[in-house]
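Chain by chain, the residues:
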Amino acid sequence: MKKIMVLLSFVCAVLLGDELEIAAKAYEAGDYQKAFKYSKIACDSGEYRGCSGLGILYANGQGVEQNYAEASKYYKLACDNGDYGSCSNLGLLYVNGQGVKQNYTEAFKYYKLACDNGEYGGCTNLGLLYVNGQGVEQNYKEAFKYFKLACDNGVHIGCTNLGFLYVNGQGVEQNYKEAFKYFKLACDNGEYKGCGNLGVLYENGQGVRQSYSTAKEYYGKACDLGDQQGCDAFATLGKYGY
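Report on the accompanying structure. Since this is a predicted model, take the numbers as computed values, not measurements.

Across its full length, the protein carries 13 helices and 0 strands. Order of helices (α) and strands (β) in the protein, N terminus to C terminus: α-α-α-α-α-α-α-α-α-α-α-α-α. Relative to its length of 242 residues, the protein is compact, with a C-alpha radius of gyration of 20 Å against a globular reference of 18 Å. Residues classed as buried in the protein amount to 47% of the 242 residues present. Expressed as a percentage of contacts within the protein between residues at least 6 apart in sequence, the contacts between residues at least 24 apart total 43%. When the accessible surface of the protein is totalled, it reaches about 11600 Å², and 45% of it is carbon and sulfur.

Another point: the packing of aromatic side chains. A full pass over the atoms with the stated rule returns 12 aromatic pairs. Both rings, one in phenylalanine 108 and one in tyrosine 130, keep their centres 5.8 Å apart while their planes meet at 85 degrees; by these two values the pair is edge-to-face. Residue phenylalanine 108 is located in helix α6 (residues 104-116), and its partner tyrosine 130 is located in helix α7 (residues 120-132); the two are separated by 22 residues in the primary sequence. Of the two residues, phenylalanine 108 and tyrosine 130, both sit in the buried class.

The next point concerns the environment of aspartate 44. On the secondary structure map, aspartate 44 appears in helix α2 (residues 32-44). Side-chain polar atoms of aspartate 44 contact the side chain of lysine 40, separated by 2.8 Å.

Here the focus is the side chain of threonine 160. By the element assignment, threonine 160 lies in helix α9 (residues 156-168). A polar contact is formed between the side chain of threonine 160 and the side chain of glutamate 191, at a distance of 2.6 Å. When neighbours within four sequence positions are excluded, threonine 160 is seen to be in contact with Tyr182, Phe183, Ala186, Glu191, Lys193, Gly194 and Asn197.

So, about the packing of helix α12 (residues 212-224) against helix α13 (residues 228-239). Axis separation between α12 and α13 bottoms out at 7 Å; the angle between their running directions is 145 degrees. Handedness of the α12/α13 crossing: left-handed. Mapping the contact onto sequence places Tyr212, Ala215, Lys216, Tyr219, Gly220, Ala222 and Cys223 in α12 and Gly230, Cys231, Ala233, Phe234, Leu237 and Gly238 in α13. For the contact of α12 with α13, the per-class residue count stands at 9 nonpolar, 3 polar and 1 charged.

In this section: the environment of leucine 128. Position of leucine 128 relative to the elements: it lies in helix α7. Residue classification places leucine 128 among the buried residues on the basis of a relative accessible area of 0%. Once the C-alpha coordinates of leucine 128 and tyrosine 219 are considered, the two residues, 91 residues apart in sequence, prove to be 24 Å apart.

Taking 1.5 Å as the rise per residue, helix α10 (residues 176-188) with 13 residues should run 18 Å; its terminal C-alpha atoms sit 18 Å apart, in good agreement. Contacts made by the buried residues of α10 are with α8 (140-152), α9, α11 (192-204) and α12. Structurally, the start of α10 carries an N-cap: the backbone nitrogen of lysine 177 is 3.0 Å from a side-chain oxygen of asparagine 175. The first or second residue beyond α10 is glycine 190, which carries a positive phi of 85 degrees.

On to the packing of α6 against α7, then. The interhelical angle for the contact between α6 and α7, taken along N-to-C directions, is 145 degrees, at an axis separation of 8 Å. In terms of crossing hand, the pair formed by α6 and α7 is left-handed. Taken together, the residues of α7 that come into contact with α6 (itself represented by Tyr104, Ala107, Phe108, Tyr111, Lys112, Ala114 and Cys115) are Gly122, Cys123, Asn125, Leu126, Leu129 and Tyr130. Class assignment of the residues belonging to the contact of α6 with α7 gives a composition of 10 nonpolar, 2 polar and 1 charged.

Turning to the pattern of salt bridges, a few remarks are in order. Working definition: two side chains of opposite charge can pair if their charged atoms are close together. With the rule as written, the count across this model stands at 11 salt bridges. A salt bridge links aspartate 116 to lysine 112; the nearest nitrogen and oxygen atoms lie 2.8 Å apart. Highlighted residues: aspartate 116 and lysine 112, both in helix α6, separated by 4 residues, approximately one helical turn.

To continue, consider the side chain of aspartate 227. Relative to the elements of secondary structure, aspartate 227 occurs in the loop between α12 and α13. Of the side chains with opposite charge, lysine 193 comes closest to the buried, unpaired aspartate 227, at an N-O distance of 4.5 Å. If we skip the residues at most four places from it in the chain, aspartate 227 touches Tyr192 and Ala222.

What counts and what doesn't
- Every chain's residues receive numbers from 1 upward, in the order its sequence appears when written.
- In keeping with the model being predicted, local features are shown solely for residues with a pLDDT of at least 70 and side-chain atom pairs are shown and tallied solely at 80 or more, while totals for entire chains, interfaces and linings include all residues.
- Each side-chain value is worked out from all heavy atoms of the structure, with water and hydrogens disregarded.
- Where helices and strands are cited, they refer to DSSP runs of H or I of at least four residues and of E of at least two residues respectively, numbered from the N terminus.
- All radius of gyration figures rest on C-alpha atoms, and the globule criterion is 2.2 Å times the number of residues raised to 0.38.
- Each residue is placed in one exposure class: buried if its accessible area under a 1.4 Å probe, protein chains only, is under 20% of its type's maximum, exposed if it is over 50%, and partly exposed if it falls in between.
- Contacts are residue-level and defined by heavy atoms, with any inter-residue pair within 4.5 Å sufficient.
- Under the convention used here, a 1.4 Å probe and the Shrake-Rupley method define accessible areas, while residue burial counts only the protein chains that appear.
- Side-chain rings of Phe, Tyr and Trp (the six-membered ring for Trp) are treated as a pair once their centres are within 6.5 Å; stacked means planes under 30 degrees apart, edge-to-face means over 60, and tilted covers the remaining angles.
- Each polar contact in these results corresponds to two N or O atoms within 3.5 Å; when the atoms are within protein, one needs to be able to donate a hydrogen and the other to accept it, and residues that are neighboring in sequence are counted only if both atoms are side-chain atoms.
- To obtain each axis, a line is fitted to C-alpha atoms, and for helices this fit is confined to the stretch in contact; angles are then taken between N-to-C directions over 0 to 180 degrees.
- Crossings are sorted by hand: turned counterclockwise from the far helix by less than a right angle, the near helix makes the crossing left-handed, and turned clockwise it makes it right-handed.
- In this classification, Asp, Glu, Lys and Arg are treated as charged, Ala, Val, Leu, Ile, Met, Phe, Trp, Tyr, Cys and Pro as nonpolar, and every other residue, Gly included, as polar.
- Residue count minus one, scaled by 1.5 Å, sets the expected span of a helix.
- The term salt bridge refers to a pairing of a side-chain nitrogen on Lys or Arg with a carboxyl oxygen on Asp or Glu at a separation within 4 Å.
- Under the counting rule used here, the positive set is Lys and Arg, the negative set is Asp and Glu, and His together with the chain ends is not counted.

Rendered as structure tokens:
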């Protein structure tokens, strides 16, 4: 299963204080240097969501030279002071060995801290560690638990990952209809892999009546959302007249 881990969106945080508001508006407008300036003011003043914003800017190389070591420093500062989205982002750096030595045990620690405090992206990332046996013993039932927690709380990549477990019979009994349900939920909420995998189910007649035209429709949706595999599958069915 491909790892899909998403950085906390800069603009999703609840904004308090003029500096954070200015930083968020600047980020949204693409003025990353201004976003950096006011995030730094906020962070230095003890507003730790500003520190989280600095981490994102350093990780993405926006308004500043990309520097994962600096990103990890600011994520940790924010995480240690109750910004749990930063804990999840710090876990991602440990998974990828960016700015820190790769360490799945540390990644697990920070994802768990995020998940336990209502940052549900951290939950789906915990699930991925359980699927891959990274930092913990491989355990598909635990993966299922965390994917479902994420999915039930609006992290739709978690729904896609649940679908994969149902397709493969990992941690649950194989059930294509349940896989369809979760892929559909993900797709309906703009998660392209959910759409692409709905296409696969329709093409293979798994959990649904086989329909190449419907498969093509979902591959097209995946393609429109940026999935190259969806584009390729759409084109392949088109060559066969569907």
